[in-house]
Structures are given as structure tokens and as C-alpha cells.
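Observations on the three-dimensional arrangement
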Amino acid sequence: ADVKEISEGLATIWTKGAVFYNPVQEFNRDLSIAVISSFIHDYKQEIKITKKGEAGTEDYKVTILEALSATGLRSIRYAKEIPGVAKVIANDISLTAVEDIKQNVIKNNVEQIVSARHCDASMLMYQHRHKNEQFDIIDLDPYGCPSQFLDSTVQAVKEGGLLLITATDMAILCGNSPETCYSKYGAIPIKIKSCHEMAVRILLQCIELHANRYSRYIVPLLSLSADFYIRVFVRVFSGAQKCKFSATKLSHIYHCTGCDSFTLQLLVTVKSDKSNHKFSIPTGPLVSKHCEQCKHPHHIGGPIWSAPIHSPEFVKKVLDNVPSSLKTYKRIEGILNVVLEELVDVPLYYTLDKLSGTLHVEMPSMMALRSALLNAGYHVSFTHMNKTSIKTDAPKKVVWDIMRCW
Ligand code: SAM
């Protein structure tokens, strides 16, 4: 078979062509390098502080598992381009892939750091679910849906460790087959203009639910939609008390079948009396059956993650430290700048074409609509997921009134 030589970042790999390699995913790999580099810096500091005095904390050795590695390219790049990585395991179920990984590791002189494994990803992670064997970082980059791997992944990551998870089954997550999405992710998606953000939020709720089974919960650092996939970067922590709040981070979506507007309803609300939290379940549908703007019926979807999907503090750190040597540096910088501006407490967004189409008005310029909402006293931002869309905390009625006056 023809052998292809591929150079990306500091790695050069060879593959026989039967093993998966997608050049478009260079952005995904570059971004992951930037995120892991920033994460490791803080994580090592935290370990030094929380385990002060314990042996091995001074020069803590970070271990990464790439559970679905194909050619080994990503693992080799992590070893060569991220300072402070002590060990990377590049695993694949395909023997041909593992042969490629082994050769590529030798040719790139990273045998001291990267080792190849030939195992089912879930089996390997179950073998590493006990405290002393867990990984600091796990990268899951499957074909399509990652959900079959989540039960083992959430157990095999260390306390405060990082998960990097891709999903490429966008048609399912965006509502083309709600029943399939439910069986894979445990949520009903809706065909809505902001479906890419909905997809991210369905994946986050799915990871959280898997983590909850082991009294663990997630904290999203960065969640992106790019090209044909979504990618989330989340930390995993333990705490049965904290898991009680998981239901307060989830909402059902009421989506109007006429005008594409949406309203969220939390599954459970929390009343805080300092340390004494009381949880309450809504007593009835708080959103009416029909949309108050256009009178069409609502579809109900979800549950989706309705808490923040990024940590602006972390995103800022990544942005300040993205290595300018990365080929997709400009794109990373551009996307992260938009992400930093996104309203973190406002799930989903409106697209300008749908808004004006629904109301039969001329499409306003983005600047004009933004100014009108700001002048009315509301917050507004772009989103990296769609160039001609806005996020706003203005009530639907206000958005509609502004559009009607256009
Ligand atoms: N991460 C790679 C990269 O950045 O180039 C691409 C991974 S590719 C999309 C998915 C890989 O998962 C394939 O090589 C496939 O053989 C492997 N795979 C599929 N099911 C698996 C399983 N259950 N356990 C381990 N590997 C698996």
C-alpha cells in the first residue's frame, strides 16, 4: 500500500492510508495543544498547593490518554509541543492503526513519552478507574458520537482532571432524528437556528449525567462548534453535595414552531438560604402551549445544559498563551476573542435572517440591532457559532418590538 508522509506542527507521521487522518482537524489539534498547555500550568500549581509537602508534588508528572488515536499524530504532537507532559498513551482498537502509532513514535523520537496501546478504549479506561491509575487528561475523538465511551471516561480521569471530547454526529444532535439523539445522549434536540449551541449543551448534559452516577460533576472551560463537529473541554470533580445542583443546571427548551423563538424552563430551581439550599420542582408548565408572539404551538426539547459553557477566566489565559507557532494560530485567536465576548448566562441565540424572515421586515445590520438592544438597556453579544446571530438577555417581546419598528 502507498505510504503517505504528513507533517503537522512538530510531528511528521507516516500512514498506509487505511488509518484515519483528517487534515481539516489540524485546528482541533492545535486548539487542544493551546488548551492543554494552559490547563497544565494551573493544574500543577493547584496540586502543589492542595498536596503541599507530599512526595512527587514538586515536579508532578502529567499523564494523557488519547483513547482513540488512529495514526498517533495527536499524541506525538502533545508530547513534542506541550511543556510538562510526562507520559502519553496512544490507544486504538485497530491493529493497523497501532502499527502506524508504533512506527510514528519511533520516527519522531518520542519513545520516552508516548506509548502505543491496542485495546478497546472503554476497557482500557475501566482498567484505570481507581485513584492511583487515573489519567490527568483524557482526549476522546471518535467517529460520530462519543456517548458509548462516557461511562468509562468520567471514571478514569483524576480529580480536577481535564476531558477533551469531540462529537461529529451533528445531524443527530441538531434534530434530524430526535429519537436517535435521545437514545444516544438522553435529550430531545429541536430543529432550531441555534442548533449548534443546542448540540454543545446536549453533549454537556450527557457528560454531567454520566459523571453524576459516580458522584462527580463537570465544570466546562471551553465549548466550541467548528467546521463539522463540536468539541468541549471540561474539568471533572467529585462531591455528592455538589451533584445535587446538577438538575439546577438543566433546562427544557420551548421552541415556537412559527417564529423560531425559544424560552427555557429550568428542571429544578434552587433557593439559597446561605448554606441551607432548598430545591424546588416547577409546579406546572411556566411556558404556555402557544407562543405569545405568533400564536403557533411550542415544541418541547431538552434537557439541555443551561449553565455557562465556558470559563471566561480560563479562555483569557488560553488566549494570552496561544503559541504563535501553531499554523491555525490566527483562527484560534479569532474564535477565542469572540468566545470571550459571548454572554455566558444567555443560552442560545437568534439569527438575523430568521428574525427578519419571520417578521417580514428588511434585515437590519448587525450593528443597528445591537445598538437598539443596548439602548433599550439589555446585554447583547455575538457568538462564535454563527456569524450573523446575536445573543441577548432582552425578553422575546422586546426583540420582536425592535424588529417590527425597523
Ligand atoms: N484522534 C485522531 C486524530 O486526531 O487524528 C483521530 C481518531 S479517528 C476519528 C477514530 C479512531 O477510533 C479510529 O482510528 C478507530 O480505529 C478508533 N476506534 C473506534 N472504536 C474504538 C474503540 N472502541 N476503542 C479504541 N479505538 C477505537
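Worth saying up front: this structure is predicted, and the values here are computed from it rather than measured.

1. Things to note about the environment of Met123
Looking at where Met123 falls in the secondary structure, it is placed in helix H4 (residues 121-127). Residues Met123 and Asp260, 137 residues apart in the sequence, show an inter-C-alpha distance of 43 Å.

2. Considering empty space enclosed by the protein
Summed over the entire model, instances satisfying the criterion amount to two cavities of 30 Å³ or more. In this structure, the largest cavity encloses a volume near 50 Å³. Breaking the lining of the largest cavity down by element, the ones donating at least two residues are strand S15 (350-351) and helix H12 (352-359). Of the residues in the lining of the largest cavity, the class split is six nonpolar, two polar and two charged. Along the walls of the second largest cavity sit Arg201, Ile309, His310, Glu342, Leu343, Val344 and Lys391, which together make up its complete lining. Per-class residue counts for the lining of the second largest cavity are three nonpolar, one polar and three charged.

3. Focus: the domain arrangement of the chain
Here the chain is described as being made up of domain 1 (4-248 + 311-320) and domain 2 (349-406). Here the C-alpha centre of domain 2 lies 35 Å away from the C-alpha centre of domain 1. The interface is formed by nine residues belonging to domain 1 together with seven residues belonging to domain 2. Roughly 690 Å² is buried in total at the junction of domain 1 and domain 2, and carbon and sulfur atoms are behind 54% of that figure. Of all residues in domain 1, the largest losses of buried area upon contact with domain 2 belong to Lys193, Ser194 and Glu197, amounting jointly to 67% of the total for that side. On inspection of domain 1 and its partner domain 2, the count reaches two salt bridges.

4. Let's talk about the site of the ligand
Every one of the 19 residues lining the ligand counts as a neighbour, but Glu66, Asp92, Asp120, Ala121 and Asp141 are closest to it. The separation between a nitrogen atom of the ligand and a polar main-chain atom of Leu68 is 3.1 Å. One nitrogen or oxygen atom from the side chain of Asp141 is found 2.8 Å from a nitrogen atom belonging to the ligand. Considered on its own, the ligand offers 610 Å² of accessible surface; in the complex 90% of this is hidden by protein. When its residues are assigned to classes, the shell around the ligand shows 10 nonpolar, three polar and six charged.

5. Notes on the side chain of Arg77
Here Arg77 lies in helix H2 (residues 73-81). Sequence-distant contacts of Arg77, defined by excluding residues within four places in its chain, comprise Glu8, Gly9, Ala11, Glu26, Arg29, Asp30, Ile33, Ile82 and Leu326.

6. Remarks on the pattern of salt bridges
With the rule as written, the count across this model stands at 26 salt bridges. Between Asp30 and Arg77 there is a salt bridge; the shortest N-O distance is 2.6 Å. Of this pair, Asp30 sits in helix H1 (residues 26-50) while Arg77 sits in helix H2; the two residues are 47 residues apart in sequence, bridging distant segments of the chain. By relative accessible area, which is 1% here, Arg77 ends up buried. In this structure, Asp227 engages Arg331 in a salt bridge whose closest nitrogen and oxygen atoms are separated by 3.1 Å. Within this pair, whereas Asp227 is found in the loop between strand S8 (216-226) and strand S9 (229-238), its partner Arg331 is found in helix H11 (residues 329-341), the two being separated by 104 residues in sequence. Residue classification places Asp227 among the partly exposed positions, given a relative accessible area of 44%. Sharing partners across several salt bridges, the network here consists of Glu8, Arg29, Asp30, Arg77 and Glu81.

How each quantity is defined
- Residues numbered from 1 in each chain as written.
- Predicted model: local features only at pLDDT ≥ 70, side-chain atom pairs only at ≥ 80, totals over all residues.
- Heavy atoms only, no water.
- Helix = DSSP H or I, 4+ residues; strand = E, 2+ residues; numbered from the N terminus.
- 1 Å grid on protein atoms, 1.4 Å probe; cavity = no way out; pocket = protein on both sides within 12 Å on 5 of 7 lines; lining within 4 Å.
- Points joined across faces, edges and corners; volume = space filled by probe spheres on them.
- Nonpolar A, V, L, I, M, F, W, Y, C, P; charged D, E, K, R; others polar.
- Domains from an automatic or database assignment.
- Contact = heavy atoms within 4.5 Å.
- Buried area = accessible area lost by both parts, 1.4 Å probe.
- Salt bridge = Lys/Arg side-chain N within 4 Å of Asp/Glu carboxyl O.
- Near = heavy atom within 4 Å.
- Polar contact = N/O pair within 3.5 Å; in protein donor to acceptor, adjacent residues only side chain to side chain.
- Areas by Shrake-Rupley, 256 points an atom, 1.4 Å probe, with all protein chains shown as cover.
- Buried < 20%, exposed > 50% of the residue type's maximum accessible area, 1.4 Å probe, protein only.

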